[in-house]
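Architecture at a glance
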Amino acid sequence: MASAATAASARAFLRPRRSLLLLPPSSRRRLSASAAAAAPSTAVRRSVVDVLRERGLVEATTSEALGLSSDSASASPGQLKAYCGFDPTAESLHLGNLLGLVALSWFRRCGHTAVALVGGATGRVGDPSGKSAERPELDLAAVEANSDAIKSLIAQILDRDPEPSYHSQSGKQLSLEQNEQPLANPEEKMGSFLILDNYVWWKDITLLDFLKEVGRFARVGTMIAKESVKKRLMSEDGMSYTEFTYQLLQGYDFLYMFKNMGVNVQIGGSDQWGNITAGTELIRKILQVEGAHGLMFPLLLKSDGTKFGKTEDGAIWLSSKMLSPYKFYQYFFSVPDVDVIRFMKILTFLSLDEIQELEESMKKPGYVPNTVQRRLAEEVTRFVHGEEGLEEALKATEALRPGAQTQLDAQTIEGIADDVPSCSLSYDQVFKSPLVDLAVSTGLLASKSAVRRLIKQGGLYLNNIRIDSEDKLVEEGDIVDGKVLLLSAGKKNKMVVRIS
């Protein structure tokens, strides 16, 4: 009896706050126990979980019911509201966040609602999952600026998400069974999406209220048993109390949205499993209802087990303000053959039949190396940067290919200046300068003898034109639009020279 009273008190604590003012009227409703456990649909269709699983995007679920096509939450489009959280630890999301956006997009493509939750509150604490040390503390201004930037980025990516295609590469219309597109009937629309910020509800919650109404339902033994906690407790630096409580904060987010907004699925990478189950456990204990599900997708790893998206230069960012579409495209273009098909399955929306055809083409005589990588780069760049970003990347890729016939302009060269080494020289330092000297003074090559050797090998280019003479001088016509030069040593080493 006392337990029931305690749970009732906690449920009252979960009253909607001003956060619901951010939602459209259709979303301003509570989720009752009966809605969470609605009667199964009689329609027979493939569930979104089936789709994600066959593409390698499901590592575990909290309930087998989530993956059954006869389950109400997975059978009928619109029944699921799935959320993925993104903490504002930087101005942009990075490649590690891409799987979350792809998974949310699959929920939309299957007719369900996708919710992106930006951690304006939890970002001030820092998620310890997958970290060997406590995250650096961000000041409030940085958290707010990062939150705004990430909301804008997510909106751009999900808002341009196209209507599902029911056509093959050849243009022939295919049935659902033929092209294995995980979609309902063609007349059904894409699911909607929401972008929320958990600071909206956390700012009104006091510590005492939280401990009284939520903390009492959390068992310390269970919290310590979480893998992310165990690893940190065994480390030299241990774990702060602030980090230890993070799983409850994320768990409460799920509880709050489940109760007030009808969000009934939380998705996240394998390092988020402890936080995901913290939420489903709180919902069962406090609300005393079923219907909350968790889905874990794998981390984005290369075949050798290392993280995909980490380079010597740092993270691969999704925002064009931090990484150009050209360099983003090039990163996927350089994926090794051993990884390209798996990445095609988990990061693109091509049908599995088409991906299989691409895989088989790699084994045939006459296959042109990197053809499949090119398709992967195009599909992922289009998803993240849109058609405009893809066109920019393709234009730069073609124009900057040594020996390409494409006419270079200053804008194209400047477009890659942040992604390759560059320098500034005065007009007098460049005009009539021997190209051998310029290649050394700009740092493209270490010595004049190395430059002369490269010229003999046919590997030195000025504005993509091969240089055959060691006596070449820079003429006025070589300075593109009177502003820049592009020096290339082979295919990969480039130097942008700005003329001041």
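Owing to the predicted nature of the structure, the values given are computational and were not obtained by experimental measurement.

**Quick look at the overall build of the protein chain**
On a plain count of helices and strands, the protein chain comes out with 22 helices and 13 strands. Sequence separation of at least 24 residues holds for 75% of the intrachain contacts in the protein chain that already meet a minimum separation of 6. Approximately 23,500 Å² of the protein chain is accessible, and the part contributed by carbon and sulfur atoms is 51%.

**Some remarks on the sheet that holds strand S10 (residues 460-462)**
On the basis of which strands lie adjacent, the open sheet formed by five strands has the order S9-S13-S12-S10-S11 and mixed pairing. Looking at which strands have only one partner, the edges of the open sheet turn out to be strand S9 (422-425) and strand S11 (465-466). When S9 meets strand S13 (residues 493-499), the two strands line up parallel, connected through four bridges. Across the sheet, residue Ser 424 finds its bridge partner in S13, namely Arg 498.

**Details of the pattern of salt bridges**
Inspection of the entire model under this criterion finds 14 salt bridges. Notably, a salt bridge pairs Arg 342 with Asp 339, separated by 3.2 Å at the nearest N-O pair. Of the two residues, Arg 342 and Asp 339 both sit in helix H16 (residues 337-347), three residues apart, roughly one turn of that helix. Arg 342 sits in the partly exposed class, given a relative accessible area of 33%. Among the salt bridges present, the one from Glu 414 reaches Arg 498, with a minimum N-O distance of 3.2 Å.

**Description of the packing of H16 against helix H18 (residues 371-399)**
How two helices sit against one another is set out by the angle between their axes and by the gap between those axes. Two elements in contact, H16 and H18, have axes separated by 10 Å at closest approach and are oriented at 30°. Judged by the angle between their axes, H16 and H18 are roughly parallel. By crossing handedness, the relation of H16 to H18 is classed as left-handed. For the pair formed by H16 and H18, the contact residues are Asp 337, Val 340, Ile 341, Phe 343, Met 344 and Leu 347 on the first element and Val 372, Gln 373, Arg 375, Leu 376 and Val 380 on the second. When the residues that make up the contact of H16 with H18 are grouped by side-chain class, the tally is eight nonpolar, one polar and two charged.

**Description of the confidence of the model for the protein chain**
Do not read the fine detail of predicted coordinates wherever pLDDT is low. Looking at the protein chain as a whole, its pLDDT mean stands at 81, while 79% of the residues score no less than 70. Scored below 50 in pLDDT, residues 17-44 shows 51 contacts in the model against residues more than four places distant or in partner chains. Contacts from residues 163-187, a stretch scored under 50 in pLDDT, to residues over four places away or in other chains number 47 contacts.

**Here's the deal with the sheet that holds strand S4 (residues 193-197)**
Read from one edge of the open sheet, six strands run S1-S6-S5-S2-S3-S4, paired in mixed fashion. Each edge of the open sheet carries a strand with a single partner, namely strand S1 (60-61) and S4.

**Regarding the nonpolar core**
A general feature of soluble globular proteins is that nonpolar side chains tend to end up buried together. Core analysis: the biggest nonpolar cluster contains 67 residues, and Leu 95, Leu 98, Phe 332 and Leu 347 have the highest contact counts within it. When near neighbours in sequence (up to four residues on either side) are disregarded, Phe 332 contacts Leu 95, Leu 98, Phe 308, Leu 347, Gln 373, Leu 376, Ala 377 and Val 380. Of all hydrophobic cores here, the second largest spans 33 residues; its members include Tyr 83, Leu 117, Ala 218 and Ala 292.

**What to know about a nonpolar patch on the surface**
On the surface, Leu 207, Leu 211 and Tyr 241 cluster together into a nonpolar patch covering about 350 Å² of accessible area. When you line up the elements, Leu 207 lands in helix H9 (residues 207-213).

**Observations concerning the packing of helix H5 (residues 98-109) against H18**
Between H5 and H18, whose axes approach to 12 Å, the crossing angle comes to 85°. Here H5 lies roughly perpendicular to H18, going by the angle between them. For the pair H5 and H18, the contacting residues are Leu 98, Leu 101, Val 102 and Ser 105 in the first and Val 380, Phe 383 and Val 384 in the second. Across the contact of H5 with H18, the residue classes tally to six nonpolar, one polar and no charged.

**Comments concerning helix H14 (residues 273-287)**
Between its first and last C-alpha atoms H14 spans 21 Å; for 15 residues at 1.5 Å apiece the expected length is 21 Å, and the two agree. In terms of burial, H14 is a largely internal element, eleven of the 15 residues being buried. Of the residues one or two after H14, Gln 288 is the one with positive phi, at around 55°.

**Considerations on the pairing of S13**
Counting buried positions along S13 gives five out of seven residues, so the element sits mostly inside the fold. In this structure, strand S12 (residues 484-489) lies alongside S13, joined through six bridges in antiparallel fashion. Across the sheet, residue Ser 488 finds its bridge partner in S13, namely Lys 494. Counted along the chain from S12 to the antiparallel partner S13, the turn is three residues long, and its residue Gly 490 has a positive phi close to 75°.

Criteria and thresholds
- Residues numbered from 1 in each chain as written.
- Predicted model: local features only at pLDDT ≥ 70, side-chain atom pairs only at ≥ 80, totals over all residues.
- Heavy atoms only, no water.
- Helix = DSSP H or I, 4+ residues; strand = E, 2+ residues; numbered from the N terminus.
- Contact = heavy atoms within 4.5 Å.
- Areas by Shrake-Rupley, 256 points an atom, 1.4 Å probe, with all protein chains shown as cover.
- Pairing = 2+ DSSP bridges.
- Salt bridge = Lys/Arg side-chain N within 4 Å of Asp/Glu carboxyl O.
- Buried < 20%, exposed > 50% of the residue type's maximum accessible area, 1.4 Å probe, protein only.
- Axes fitted to C-alpha atoms, helices over the stretch in contact; angles between N-to-C directions.
- Parallel < 35°, antiparallel > 145°, perpendicular 65-115°, else oblique.
- Left-handed = near helix turned anticlockwise from the far one by under 90°.
- Nonpolar A, V, L, I, M, F, W, Y, C, P; charged D, E, K, R; others polar.
- pLDDT = per-residue confidence, 0-100.
- Core = buried A, V, L, I, M, F, W, Y, C linked by side-chain atoms within 4.5 Å.
- Patch = residues over 30% accessible without salt bridge, like charges linked within 9 Å, V, L, I, M, F, W, Y side chains within 5 Å.
- Expected span 1.5 Å × (residues − 1).

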